[in-house]
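# Architecture and fold: a report
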Protein chains: 4
Amino acid sequence: MAKRAHERRKEPRQARSRATVDYILEAAAQILSEVGSGGLTTNRIAERAGVAVASLYQYFPNKQAILDVLFEMQLSEERDEFARRSTTLQEKSVREAIREAVRSAIEVHARRPTLVRSILRALPFVGTRDLHVRARQEVVDAVTTAMRARENELRPMKSVAMRAFLVVHAVEAAIHDAAGERPEYLTDPAFADELAELVGRFLLED
Amino acid sequence: MAKRAHERRKEPRQARSRATVDYILEAAAQILSEVGSGGLTTNRIAERAGVAVASLYQYFPNKQAILDVLFEMQLSEERDEFARRSTTLQEKSVREAIREAVRSAIEVHARRPTLVRSILRALPFVGTRDLHVRARQEVVDAVTTAMRARENELRPMKSVAMRAFLVVHAVEAAIHDAAGERPEYLTDPAFADELAELVGRFLLED
Amino acid sequence: MAKRAHERRKEPRQARSRATVDYILEAAAQILSEVGSGGLTTNRIAERAGVAVASLYQYFPNKQAILDVLFEMQLSEERDEFARRSTTLQEKSVREAIREAVRSAIEVHARRPTLVRSILRALPFVGTRDLHVRARQEVVDAVTTAMRARENELRPMKSVAMRAFLVVHAVEAAIHDAAGERPEYLTDPAFADELAELVGRFLLED
Amino acid sequence: MAKRAHERRKEPRQARSRATVDYILEAAAQILSEVGSGGLTTNRIAERAGVAVASLYQYFPNKQAILDVLFEMQLSEERDEFARRSTTLQEKSVREAIREAVRSAIEVHARRPTLVRSILRALPFVGTRDLHVRARQEVVDAVTTAMRARENELRPMKSVAMRAFLVVHAVEAAIHDAAGERPEYLTDPAFADELAELVGRFLLED
DNA sequence: CATGAATGAGGATTCATTCAT
DNA sequence: GATGAATGAATCCTCATTCAT
């Protein structure tokens, strides 16, 4: 695998080629969630996408690039979801904000549980480590900032960063692992409630 | 890769054999934590272990088996650690028990952070899914049982299982991710305190 | 690669077309001298020429054809140079004629040393063997004829053909190799003098 | 193709593997002289050698390495031939020494004309440029040294290096090209005589 | 037992060439 | 006439695994 991945080799101009790119990404996503990263081969991707391998390489410089794009797409979705909520979060009570945040996190993952899990948990071991680390850090940072903004409403703490780290990773992992091992939890309102409670009790004065 | 793995092809009788097996496992572990599961090839393992590939196949039916053994070893270690504490845990307050449990979990992972992380987080995407799922379930079950035993001391809950699931996954993930992204946390007492607090506040009244 | 190369698929009628063909040939030449025959791909040629690959195939039936045209162009240039001098050569002394011939040979190659070298030395191993052999033979024949015309002024010899062969190949190789390894020789008058001396001493009575 | 070639990946220990290496080199040589460097693929080499591709890669890190070894073998042979003669050359007249040198040069190439030609003329355009340039330079240097040693017996010259360059390249090219286009020349004593004459007249007084 | 050697199957990537608009 | 898109066939190379000594 080459070094700089993640850049598309050639921007698709026509509608036809944009569709091809989509098919490829979709195929990769499917394979990833069905057989895992081990079974993800360019030939398989191309076959599933219904295109020739060479076509795949017209838009992605190498396999890694596909994974990277997939990863970034997922991140974007999360970012967007977060951004969409963040304005309203300001106006709500912290408790309510937490509940909202947890719900939307679950929401994001509930759509395609295996895929998201594969992408977010598997990729770090397969894909560009940097990308993953930076991405995760970004989320932690966002939460840290949000917490600082309303620190007076929170339980006193020495390190905001550490607490944010714990909250983010705990929540994400719980959701990912649920997606993998207890998919039914993702649609169970009790799960969301419990998660929100976990976070709330950790962050707020009782 | 063959189908049934995880059984050693042949139990090593002599000391020499046992040493060979150890070298192999150690080599695999090293490679796993250094270059990740992608770079883990049988040839590389053999080379690092200082034996011929063919020798490797005298003790392991296939590559997967090595991973499985590695995984089980790690689990055993955790199980043992847990078992060792569990008797004493009975006699302590729940709060104290939690603190102990969290500490020992961190302890286990702190020894070889990258390795443990690789094994426990990466293997599920590479190795035998079943093994992993069963193992994780086992931990959740143990915690569930422990919680049931002292349910009256805990915050009322609808599903003990779900709460156990959340606690176990949250704690493990936090530790694993710390191992990967914030190794310094593993030796920071504040980290253990915070984690214990997270769990304590979630499980205990007020 | 198809079989019949070297024929242009379609003679360009309009000026625009002719320009396109020129761009293609120029691009091929550049790539050839920059990265060698190994890096010469149709896609790369097209890209460098600023046209689509498909356009390239409107004027050349296949890649080989491009190389062939390039080769022929180079030959033509040499032929022309030779023809241009040959009339005047008649009137000069053999010694002077040799000097002139050597100078113009160097001249031809000095213009774009790497290119000429690539074309004349690399192509035979990549391109149409026949074309190359015939071309070289043609030069040898021309020299043979020239020598026969003034055989009485030359050192006695058994085989004019063999001596012509030696002279032609020695001179060409020296120039090509100089182009590749000692480019500064090409502009050093001493080099021309020495080459002329080499030939003169071989062909002429002392 | 990777970067550092030419190093054998693994030294063959047993007789069997040494044979394998030989088969591979022989196969490569055959293909090279039959179809040229363009047709030289690792699969074809392996097939012709009667081994699996993977075996080939156990001894050569990549295709280039095979070419490099072939190239070096050829150079060694030339070096040896040269060394073998050089002692005796000292005792002979320059004229005789030249005759000897030319004869042995032809000798070396006459054994497997197409191969040698392929290797020495084709490789520079396919293989490691450095290797080739250094090798050629080595020969020129050796001749330069030899000429300096007996400079007083030679025709006066400004640059020994340039004259050596010319002689070496002229002779080699003539032989190579003869191998390719006039194989019969290689066994014709007249050819050797003429070549020796070419060199002798260039280097020696009147 | 141990090991150097060997390999079939496959994986990533490229290339000359064609097609549809 | 030109071009973006598409592709089948190859190419280099690796890997898990087996064999022969």
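Note that the coordinates shown come from a computational prediction; the quantities given were computed from them, not determined experimentally.

About the criteria used
- Residues numbered from 1 in each chain as written.
- Chains lettered and ligands numbered in written order.
- Predicted model: local features only at pLDDT ≥ 70, side-chain atom pairs only at ≥ 80, totals over all residues.
- Heavy atoms only, no water.
- Domains from an automatic or database assignment.
- Contact = heavy atoms within 4.5 Å.
- Buried area = accessible area lost by both parts, 1.4 Å probe.
- Salt bridge = Lys/Arg side-chain N within 4 Å of Asp/Glu carboxyl O.
- Polar contact = N/O pair within 3.5 Å; in protein donor to acceptor, adjacent residues only side chain to side chain.
- Nonpolar A, V, L, I, M, F, W, Y, C, P; charged D, E, K, R; others polar.
- Helix = DSSP H or I, 4+ residues; strand = E, 2+ residues; numbered from the N terminus.
- Least-squares fit on C-alpha atoms with pLDDT ≥ 70 in both.
- Core = buried A, V, L, I, M, F, W, Y, C linked by side-chain atoms within 4.5 Å.
- Buried < 20%, exposed > 50% of the residue type's maximum accessible area, 1.4 Å probe, protein only.

This next bit is on the domain arrangement of chain A. Residue and element names in this part refer to chain A. As far as domains go, chain A holds domain 1 (15-61) and domain 2 (69-203). The straight-line distance from the C-alpha centre of domain 1 to that of domain 2 is 29 Å. Between domain 1 and domain 2, the residue contacts involve nine residues of the former and ten residues of the latter. Summing the contributions of domain 1 and of domain 2, the shared interface buries around 730 Å²; its carbon and sulfur component is 76%. When the buried surface of domain 1 facing domain 2 is broken down by residue, Leu25, Leu32 and Ser33 rank first, second and third, together holding 57% of it. Summed over the shared surface of domain 1 and domain 2, the number is zero salt bridges. Between domain 1 and domain 2 we count zero residue pairs in polar contact (both at pLDDT 80 or more) in total. Taken together, the residues that form the side of domain 1 that touches domain 2 break down as five nonpolar, three polar and one charged.

A separate point is the interface of chain D and chain C. The interface of chain D with chain C comprises 36 residues on the first partner and 37 residues on the second. Between chain D and chain C, a total of about 3700 Å² is buried, with carbon and sulfur atoms accounting for 61% of that surface. For the pair chain D and chain C, the number of links is four salt bridges. Across the pair arginine 163 of chain D and glutamate 194 of chain C runs a salt bridge, and its minimum N-O distance is 2.8 Å. There are nine residue pairs in polar contact (both at pLDDT 80 or more) connecting chain D and chain C. At twelve residues, helix 8 (residues 160-181) of chain D tops the list of elements feeding residues into the side of chain D that touches chain C.

Structural alignment of chain A on chain B gives an RMSD of 0.3 Å, achieved by rotating through 179° and translating 0.0 Å along the axis. Such values leave the two copies arranged in the relation of a two-fold axis. When each C-alpha of chain A is compared by its distance to the rotation axis, alanine 170 of chain A comes out closest, at 2.1 Å. Mapped onto chain B, 100% of the interface residues of chain A are again interface residues, and the two copies thus contact each other with one and the same surface.

Moving on, we come to the interface of chain A and chain B. Across the boundary between the two partners, chain A contributes 36 residues, which contact 37 residues of chain B. Counting the surface lost from both chain A and chain B, the interface buries some 3700 Å², and carbon and sulfur atoms represent 60% of this. At the junction of chain A with chain B, the criterion picks out four salt bridges. Taken together, chain A and chain B are joined by nine residue pairs in polar contact (both at pLDDT 80 or more). Those elements that provide at least two residues to the side of chain A that touches chain B are helix 6 (113-126), helix 7 (129-149), helix 8 (160-181) and helix 9 (189-203) of chain A. The element that contributes the greatest number of residues to the side of chain A that touches chain B is helix 8 of chain A, accounting for twelve residues. A breakdown of the residues in the side of chain A that touches chain B according to their chemical character gives 17 nonpolar, five polar and 14 charged.

Bringing the environment of glutamate 151 of chain B into the picture now. Residues and elements named next belong to chain B. For glutamate 151, the position within the fold is in the loop between helix 7 (129-149) and helix 8 (160-181). Each C-alpha atom of the pair glutamate 151 and leucine 204 lies 9.9 Å from the other, and the pair is 53 residues apart in sequence. Excluding residues within four positions of it along the chain, glutamate 151 makes contact with Met157 and Val160.

Phe191 and Leu195 of chain A together with Phe191 and Leu195 of chain B are the most contacted members of the largest nonpolar core, which totals 67 residues. If you list the elements that add at least two residues to this core, you get helix 5 (94-111), helix 7, helix 8 and helix 9 of chain A together with helix 5 (94-111), helix 7, helix 8 and helix 9 (189-203) of chain B. The residues touching phenylalanine 191 of chain B, leaving out its near neighbours within four places in the chain, are Met162, Phe165 and Leu166 of chain A together with Ile106, Ala174, Ile175, Ala178, Tyr185 and Leu186 of chain B. Judged by nonpolar contacts, the second largest core, of 66 residues, contains Ala192 of chain C together with Val102, Ile175 and Leu204 of chain D.

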